[in-house]
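# Chain and residue survey
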Amino acid sequence: MFSTGGYLVIESFSNTDEVEALRKRMDQLLDGFDCSSSASIFSTKNQQKTSDDYFYESAEKISFFFEEKAFDDDGKLKQPKQLSINKVGHALHDHDPVFKKVSCSDKMSGILHSLGYKRPVIIQSMYIFKQPGIGGEVVPHQDNSFLYTDPPTCTGLWLALEDATIVNGCLWAIPGSHKDGLVRRFIRDDNGVHFDKPSPTYDQKDFVPVEVKAGSLVIIHGDLIHQSFENQSSKSRHAYSLHVVDTHGCKWAADNWIRRKVDPEPLYAS
Ligand SMILES: O=C(O)CCC(=O)C(=O)O
Ligand SMILES: [Fe+2]
């Protein structure tokens, strides 16, 4: 259950056609992406690299972030761009019609309504590739650290676009960890971005794998400790991840990394 575990899997949330439509659309976006003009490596391990304008500006764009291990010693891509991108973000839901349709569907709103959202906005979207062989790890974290409101209201909606298994780097979570509250925040200031506290150390034994079929939606409480490992397999693990916050009864933190010039439209207001 969501309230006890801090996450919930909804199987067959998207049918095969919807999953294929998102994957195909991403193929097209990748085709149109000129590698040489923009490059930024994103990894949650080395936050230094994230503190550049490309990252900040991605809040209101469709931007491409490479896998750390995508480059050789000379800084050239080791494989085609299709197999080198870590993720695309953070406003696919705003700027691409295919992603927008799925993100702003009645189905999504229904879930947010049932979670008690009064005036929800999608604050970011990410297409995560978890590429075969080089798909980077995502270290243990809580989504409320990155997308803070007072009080915290972030929920992750993680849609599997391929089967996610232990072998290809599925999500792992500590069931019930959302009950222990938010441990730290990711702050943006004049010097860039940083965490306000070091990460606690987690016991890997406490994590359980969240293996799901393509089309499954994983609802992730904003305080849930979750992570994923490097994908050392030969199969990718594509997912489309949305993060939602409320804009009623809480206040968006001005020192979050996302500073939008234009306020996002709510999915509904009740
Ligand atoms: O897809 C992953 O491996 C991690 C995604 C994640 O942490 C999120 O969507 O909140
Ligand atoms: Fe997350």
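To start, this report covers the structure provided alongside it.

Reading the values: the criteria
- Residues numbered from 1 in each chain as written.
- Chains lettered and ligands numbered in written order.
- Predicted model: local features only at pLDDT ≥ 70, side-chain atom pairs only at ≥ 80, totals over all residues.
- Heavy atoms only, no water.
- Donors = N, O, S within 2.8 Å, 3.2 Å for Na, K, Ca; no water.
- Helix = DSSP H or I, 4+ residues; strand = E, 2+ residues; numbered from the N terminus.
- Buried < 20%, exposed > 50% of the residue type's maximum accessible area, 1.4 Å probe, protein only.
- Pairing = 2+ DSSP bridges.
- Axes fitted to C-alpha atoms, helices over the stretch in contact; angles between N-to-C directions.
- Contact = heavy atoms within 4.5 Å.
- Polar contact = N/O pair within 3.5 Å; in protein donor to acceptor, adjacent residues only side chain to side chain.
- Near = heavy atom within 4 Å.
- Areas by Shrake-Rupley, 256 points an atom, 1.4 Å probe, with all protein chains shown as cover.
- Nonpolar A, V, L, I, M, F, W, Y, C, P; charged D, E, K, R; others polar.
- Salt bridge = Lys/Arg side-chain N within 4 Å of Asp/Glu carboxyl O.

### Overview of the coordination of the iron ion (ligand 2)
- Coordination sphere of the iron ion (ligand 2), protein contribution only: His141 (NE2), Asp143 (OD) and His226 (NE2), at 2.1 Å.
- All donors to the iron ion (ligand 2) come from one chain, and their sequence spacing reads H-x1-D-x82-H. Of this pair, Asp143 sits in the loop between strand 5 (138-141) and strand 6 (149-150) while His226 sits in strand 13 (residues 226-228), placing them 83 residues apart in sequence. Like His226, Asp143 is buried.

### Here we look at the sheet that holds strand 2 (residues 62-66)
- Strand order in this open sheet of 7 strands is 1-12-7-14-4-3-2, and the pairing throughout is antiparallel. Of all the strands in the sheet, just strand 1 (7-10) and strand 2 have a single pairing partner and so form its edges. Neighbour to neighbour, the strand axes of the sheet diverge by 20° on average, direction disregarded.
- Where strand 3 (residues 85-90) meets strand 4 (residues 120-128), 4 bridges bridge the pair, whose relative direction is antiparallel. Within strand 4, the position partnered with Gly89 by the bridge is Met126.
- Lying on the sheet, helix 2 (residues 16-31) is in contact with strand 2, strand 3, strand 4, strand 7 (155-160) and strand 14 (239-246); it crosses strand 4 at an angle near 70°.

### So, the environment of Asp223
- The topology assignment puts Asp223 in the loop between strand 12 (217-221) and strand 13.
- Sequence-wise, Asp223 and Lys235 are 12 residues apart; in three dimensions their C-alpha atoms are separated by 30 Å.
- Ignoring any residue separated from it by four or fewer positions in sequence, one finds Asp223 in contact with Gln142, Asn144, Ser177, His178, Gly181 and Leu182.
- Engagement of the side chain of Asp223 in a polar contact is seen with the side chain of Asn144, the distance being 2.9 Å.

### Remarks on the site of ligand 1
- Contacts to ligand 1 come from Ile128, Lys130, Val138, His141, Asp143, Trp158, Leu171, His226, Ser228, Arg237, Ser241 and His243.
- Separating an oxygen atom of ligand 1 from a side-chain N or O atom of Asp143 is a distance of 3.1 Å.
- For ligand 1, whose accessible area on its own is 290 Å², the fraction buried by protein is 96%.
- Elements represented by at least two residues in the shell around ligand 1 include exactly strand 5, strand 13 and strand 14.
- For the shell around ligand 1, the class distribution of residues is 4 nonpolar, 5 polar and 3 charged.

### Section: the pattern of salt bridges
- Taken as a whole and judged by the stated rule, the model has 10 salt bridges.
- We note a salt bridge from Arg25 to Asp96, for which the minimum N-O separation is 2.6 Å. You can see Arg25 sitting in helix 2 and its partner Asp96 sitting in the loop between helix 4 (92-95) and helix 5 (97-103), a full 71 residues away along the chain.
- With a closest N to O distance of 3.9 Å, Arg260 and Glu60 form a salt bridge. Here Arg260 is found in the segment after strand 15 (251-252), whereas its partner Glu60 is found in the loop between helix 3 (53-57) and strand 2, with 200 residues between them in sequence. Taken as a pair, Arg260 and Glu60 share a single burial class, namely buried.

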